Amino acid sequence: MIKTESSHINYYGHQPGSQVENREQKKQITQRAGAARELYFETKSSVSMEFPYWYTRRWEELEGEIPVIRRAEALKSGFSHLTPVIYPGELLAMSKSSYLRGSYPMPWLSEAFFMAAEDKLYKEAQESGKLTADQFTTMGKGGGNVTRSIGNVISIAGKFGLRVEEMPVMIEIAKKWKDRSVDDVGHKYEQLVPGYSEKEALMRSVICMFDSGYTLPQGREVINYYYPLQFGFDGLIRRCRTRMEEVAGYPEMDRLYYYRATMILIEGLQQWIRNHAEEARFMASIETDVPQMKEYEEMAERLDWLASNPPRSFHESLQMIWLLHVAVLNEDAISGLSPGRVGQVLFPFWQRDILKKVITREQTLELLECMRMKFTAIDCFASMGVVGGVLSGNTFNNLCLGGLKKDGTSAANELEMLILEAGISCDTPQPTLSVLYDEKLPEEFLLKGVECTKIGTGYPAWINNQVAMEFLMANYGHEGMNLEEARAWSIGGCLETSPGSWMPLELDGEIHWIPGGSAPATSVGVHFLSLPKILEVTLFDGMDMRSGERIFPAHGYKLDTYDELWNAFRDYFRRACHVLTLTNNIQHDAWRKISPSLVNSMLKPDCLEQGKDIGQMGCRYNATFNIESCGTANLINSLASLKKNVFTDKTYSLNEYREAILANFGYHSAQETGSYSLIDQIPNDGYDRWKKIHRISLDAPKFGNDDPFVDEIMKAWETWFCTMTHDFRSLYNEPMYACQISVSTHGPMGAVTLAGADGRLGGTTFSDGSVSAYPGTDRNGPYALFNSATCWNHATSQNSQLNMKIHPSVVKGREGSRKFLDLIRSYLRKGGFHVQFNIVDSRMLKAAQAEPDKYRSLLVRVAGFTQYWVELGKQIQDEVIARTEYEEV
């Protein structure tokens, strides 16, 4: 390992040359998509109050109505009144709101976090610990983020802009939901859980990042487009009417209301689509450019048809899945709604059009680029702690490629090759791409994926298809999951393994089995537990020394042995899981009663068949609640340091470590320096007293080097964690499972955590992912890292996450591509679940941090998602820069 003090970059192998190395040259974007991207770059994230106004107005009119009917009518009103906007040159119409990067608050979920600071509602939210994460989250200062109020635009959550004249509307509507929102009702009843005060202490300390019941109740799942593609909206209404007549007056009467509610909802969706058709006709009527006029007219005809009928072409099928995607996003605050294996879903339409010469490959590529621009413009309105501290402004729409067909053969196809090509030519954050790697996938397809990764997009991520299938059969077997059905899986969100099903799409008399999601959100439950923070609290007998607040009762251990420390840590971790599981179950119960899913439920098998929405376990698979962790490598490295330096070598006592931690090893805090990576921290006047213990902590065995001493600790943790999660039961009385991704939580969680026994300094960002090495500590090369990362069975967890940064020169050219593919294969063949890459010269990132305006289009991979560099907060930027850069593999 070579550390260059001048540039503060961690290298493995030789140092790069004096010139910053560019990524491999990108392919040219089509003129149409290029114009859309330039418009996107000029646009800010904006808040609209249109949908919440009409939703709330209709909701209030129906006081006393059956709740699911009331919900359907409110959604219908919201959709029906959305102002249609169509931009010149668009081939795919419709968006979340009338703004290009538009979103809106959903006060029926939570109304307090966006209130003015002096408002009583906001203060109540602050006291309960719900907003603590906001205070320790940094937002990107460039790009489309509205980071400060200016003129007649008010900044909300450090990202969204709201017109001043709409603020009174927002406040007034929010107040109408006081004591009636999912947040407020859930909070009322979660306080009945024994030991509830402990839950609020966990939130204030940011041991837990956020509640899941009202922040992001849906998402991290795979949408299913089958029913509208096969039957059209009129066909679905007919199916609902038939089923409604069959169940009316019989037991389980909720089925009657569900079918009626779905019909009402569809009527709203149809009006929404027809409004856009009418707008397209109006645009055509005032257009003087004949080709553009014709495009508007074709769009109007296309939308009119789709408002009632199934699609007739690839273009119509792409428009259909896009409008369905937006429709689901508009019913709830959602991140991680993945389109899944779209290239396989739409392949029958595309193949038919290609054979009939209805479309060319060049036209297909243009459409796919336009699709990328539509997905990239998706925003999710949430608090700063969520939108910055978790999402980093991203919404995790994961499009998966490859995997296996229903019969076990390779599922890769030519349309997926074009999807990869569009990801190269139109390199944007959304949708992110993932290759479901299987040994049966053709070499040409895999090399196309490598070509896409090499240009620096950060996608596709590489996922182990067989490991995922093993996890699914183990966790959903009791619900009927078998090998054939497991092959239909996909990634939901950034990295959540999500169950799927094969659906029989009939086209021209032939049945095509297409994959689609068949489970609700696969990442709800206990949302992100800070492992280093729990260890810190363990060392201080239940106290959070940053705030001076007691989090847990004294654990009662003397901590004279490593086993006692290990047991005390596990006791606290289990205790946190217990109270957070119970309170989150109550929040999700409030959600399914107040804000039941109707759009998403209409699409998921087997909700329509059973007459039950997602919240009533209408989906085919329902064991989807998890317990999420963050900061794994820091936990393992700290335990290894304490085991060696305190309990084995006895170089220092535990009390000496406590003192060194409180003194931050003689360094200024990250908040004082304004830098969040270890390598950039500055000593203070007390440094000489603590430099020896800090050095010995840094030199202790570190995860990622194929060292049995530390890898055994990792294996013990993973074995215990992935087993103990099954002891907790979800709202649906199903066992929970382990989820191990960081997203962006390692930034704000690190910001509130003191120094660690691993040598990490207070306030600095944790390691990313779950099997990534802490930046600069993987000294023995990538294959040693692979051995450490696979020291445990990845199929026992919903996921694992490995991020690597490679210098562009290492993978340059055709030979570099094959070497790169060999590297990927070697890890996945060892049993690794996931690996993703930043192909970048770190000096470029440093330059972009200093002069962001010159790097507006620069993309980087964070943790399961790609984002524009300028829209990332400094906590995450510093961590990405600090990651070890491999100069040889």
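First things first, this report covers the structure right here in the doc. As the structure is a prediction and not an experimental result, all values here were calculated from the model.

1. Details of the overall build of the protein chain
The helix and strand tally for the protein chain stands at 34 helices and 26 strands. Taken over C-alpha atoms, the radius of gyration comes to 26 Å for the protein chain, in line with the 29 Å a tight globule of 889 residues would show. The dimensions of the protein chain, computed from C-alpha atoms along their principal axes, are 80 × 65 × 60 Å. Split into buried and exposed, the 889 residues of the protein chain put 69% on the buried side. A separation threshold of at least 6 residues defines the contact pool for the protein chain, and within that pool the share at least 24 residues apart is 77%. Total accessible area on the protein chain is roughly 28500 Å²; 51% of this is exposed by carbon and sulfur atoms. Of note, the protein chain has its 93 positive side-chain charges centred 1 Å away from the centre of its 112 negative side-chain charges.

2. Let's talk about the pairing of strand β23 (residues 834-839)
Judged by how many residues are buried, β23 sits mostly within the fold: 6 of 6 residues are covered. Residues of β23 alternate between two faces, with His834, Gln836 and Asn838 on one and Val835, Phe837 and Ile839 on the opposite face, all of them buried. Note that strand β12 (residues 461-464) and β23 share 2 bridges and pair antiparallel. Within the sheet, the bridge partner assigned to Trp462 lies in β23 and is Val835. Direction of pairing for strand β22 (residues 803-806) relative to β23: parallel, over a ladder of 4 bridges. Residue pairing across strands places Ile806 opposite Ile839, the latter belonging to β23. For the handedness criterion, the β-α-β arrangement of β22, helix α32 (residues 813-829) and β23 is classed as right-handed.

3. Comments concerning the pattern of salt bridges
Summed over the entire model, instances satisfying the criterion amount to 55 salt bridges. Across the salt bridge formed by Arg57 and Glu61, the nearest N and O atoms sit 3.8 Å from each other. Placement of the pair is Arg57 and Glu61 together in helix α2 (residues 50-61), with a separation of 4 residues, close to one helical turn. Since its relative accessible area comes to 48%, Glu61 is described here as partly exposed. Among the salt bridges present, the one from Asp379 reaches Arg101, with a minimum N-O distance of 3.9 Å. Here Asp379 is found in the loop between α15 (361-376) and α16 (384-387), whereas its partner Arg101 is found in the loop between α3 (67-80) and β4 (102-103), with 278 residues between them in sequence. One exposure class covers both Asp379 and Arg101, and it is buried. Residues joined in a network through salt bridges with shared partners are Glu60, Glu63, Arg70, Lys176 and Arg180.

4. Here we look at the environment of Gly864
Considering the arrangement of structural elements, one finds Gly864 in the loop between β24 (859-861) and β25 (866-868). On the basis of relative accessibility, which here comes to 0%, the residue Gly864 falls in the buried class. Between the C-alpha atoms of Gly864 and Asn803, which are 61 residues apart in sequence, the distance is 8.6 Å. What Gly864 contacts, discounting residues up to four positions off in sequence, is Cys494, Gln801 and Gln836.

5. Some remarks on the sheet that holds strand β21 (residues 737-740)
The strand order across the open sheet built from 4 strands is β7-β17-β20-β21, with neighbouring strands paired in mixed fashion. One side of each edge strand has no neighbouring strand; the edge strands of this open sheet are β7 (208-210) and β21. Each adjacent strand pair in this sheet contributes to an overall mean axis angle of 35 degrees, direction not counted. Sheet analysis places β7 next to strand β17 (residues 524-530), joined by 2 bridges and oriented antiparallel. Within β17, the residue paired with Phe210 across the bridge is His527. Across the sheet, helix α21 (residues 531-539) touches β17 and β20 (625-630), and the angle it forms with β17 is around 60 degrees.

6. Regarding the packing of helix α26 (residues 654-662) against helix α28 (residues 687-698)
Two numbers describe how α26 lies on α28: the axes approach to 11 Å, and their chain directions differ by 110 degrees. Judged by the angle between their axes, α26 and α28 are roughly perpendicular. Counting all contacts with α26, which are made through Glu656, Tyr657, Glu659 and Ala660, the residues of α28 involved are Arg689, Trp690, Ile693, Ile696 and Ser697.

7. Here's the deal with the environment of Lys176
With respect to the helices, strands and loops of the structure, Lys176 is situated in helix α6 (residues 167-176). By relative accessible area, Lys176 is classed as partly exposed at 30%. For the pair formed by Lys176 and Glu111, sequence separation is 65 residues and the distance between their alpha carbons is 9.1 Å. If we ignore the near neighbours within four places in the chain, the residues touching Lys176 are Thr56 and Glu60.

8. What about the environment of Ile491?
Its place among the elements puts Ile491 in strand β13 (residues 490-492). Residue Ile491 is classed as buried on the basis of its relative accessible area, which comes to 0%. C-alpha of Ile491 to C-alpha of Cys400: the two residues are 91 residues apart in sequence and 6.8 Å apart in space. Setting aside residues up to four positions removed in sequence, Ile491 forms contacts with Val222, Ser338, Asn398, Cys400, Leu436, Ile463, Glu496, Thr497 and Phe833.

9. Looking at the packing of helix α9 (residues 226-247) against helix α10 (residues 254-286)
Two numbers describe how α9 lies on α10: the axes approach to 9 Å, and their chain directions differ by 160 degrees. The orientation of α9 relative to α10 falls into the category roughly antiparallel. You can see that α9 and α10 cross each other, and the crossing is left-handed. Touching Phe233, Asp234, Leu236, Ile237, Cys240, Arg241, Arg243, Met244 and Val247 of α9 are Arg255, Leu256, Tyr259, Arg260, Thr262, Met263, Ile266, Leu269, Gln270 and Ile273, all from α10.

10. With respect to unusual backbone geometry
Note: most residues except glycine have negative phi, and most peptide bonds are trans. Cis geometry marks the peptide bond from Gln430 to Pro431; its omega dihedral reads -15 degrees. With respect to the helices and strands, Pro431 occurs in the loop between α17 (414-425) and β11 (432-437). Of note, the bond from Pro605 into Asp606 is cis; its omega dihedral lies within 30 degrees of zero at 15 degrees. Look at Val206: it is not a glycine, yet its phi comes out positive at around 60 degrees. Within the element layout of this structure, Val206 appears in the loop between α8 (196-204) and β7. One non-glycine residue, Lys357, adopts positive backbone phi at about 60 degrees.

11. A word on the pairing of β12
Where burial is concerned, the two faces of β12 agree: the one with Ala461 and Ile463 and the one with Trp462 and Asn464 are both buried. In this sheet, β12 lies alongside β11 in parallel orientation, the contact comprising 4 bridges. In the strand pairing of β12, Val435 is matched with Trp462. For the handedness criterion, the β-α-β arrangement of β11, helix α18 (residues 443-457) and β12 is classed as right-handed.

12. Thoughts on the side chain of His527
For His527, the location among the structural elements is in strand β17. Overall, the relative accessible area of 2% leaves His527 in the buried class. There is a polar contact of 2.6 Å between the side chain of His527 and the backbone oxygen of Ser523. Beyond its immediate stretch of four places on either side in the chain, His527 contacts Cys208, Met209, Phe210, Ser212, Arg220 and Glu628.

13. Topic: the packing of aromatic side chains
Counted under the stated rule, the structure contains 41 aromatic pairs. Measuring from ring centre to ring centre gives 5.9 Å for Phe573 and Trp720, while their planes differ by 65 degrees; the resulting arrangement is edge-to-face. Of this pair, Phe573 sits in helix α22 (residues 562-594) while Trp720 sits in helix α29 (residues 708-724), and the two are 147 residues apart along the sequence. One exposure class covers both Phe573 and Trp720, and it is buried. The interplanar angle of 85 degrees and the centroid separation of 5.6 Å between the aromatic rings of Phe573 and Phe721 together place this pair among those described as edge-to-face. Of the two residues, Phe573 is situated in helix α22 and Phe721 in helix α29; the sequence distance between them amounts to 148 residues. Of the two residues, Phe573 and Phe721, both sit in the buried class. In this structure an aromatic cluster arises from ring pairing among Phe51, Tyr55, Trp59, Phe79, Tyr104, Trp108, Trp177 and Trp272. Over the ring of Trp513 we find Lys406, and its NZ or CZ is 4.6 Å from the ring centre. Just above the ring of Phe709 sits the side chain of Lys643; from NZ or CZ to the centre is 5.6 Å.

Scoring rules and cut-offs
Residues numbered from 1 in each chain as written. Predicted model: local features only at pLDDT ≥ 70, side-chain atom pairs only at ≥ 80, totals over all residues. Heavy atoms only, no water. Helix = DSSP H or I, 4+ residues; strand = E, 2+ residues; numbered from the N terminus. Rg over C-alpha atoms; globule rule 2.2 N^0.38 Å. Buried < 20%, exposed > 50% of the residue type's maximum accessible area, 1.4 Å probe, protein only. Contact = heavy atoms within 4.5 Å. Areas by Shrake-Rupley, 256 points an atom, 1.4 Å probe, with all protein chains shown as cover. Lys, Arg positive; Asp, Glu negative; His and termini not counted. Charge placed at Lys NZ, Arg CZ, Asp CG, Glu CD. Pairing = 2+ DSSP bridges. Right-handed = clockwise from strand over helix to strand, strands pointing away. Salt bridge = Lys/Arg side-chain N within 4 Å of Asp/Glu carboxyl O. Axes fitted to C-alpha atoms, helices over the stretch in contact; angles between N-to-C directions. Parallel < 35°, antiparallel > 145°, perpendicular 65-115°, else oblique. Left-handed = near helix turned anticlockwise from the far one by under 90°. Polar contact = N/O pair within 3.5 Å; in protein donor to acceptor, adjacent residues only side chain to side chain. Phe/Tyr/Trp six-rings, centres within 6.5 Å; stacked < 30°, edge-to-face > 60°. Lys NZ or Arg CZ within 6 Å of the ring centre and 35° of its normal.

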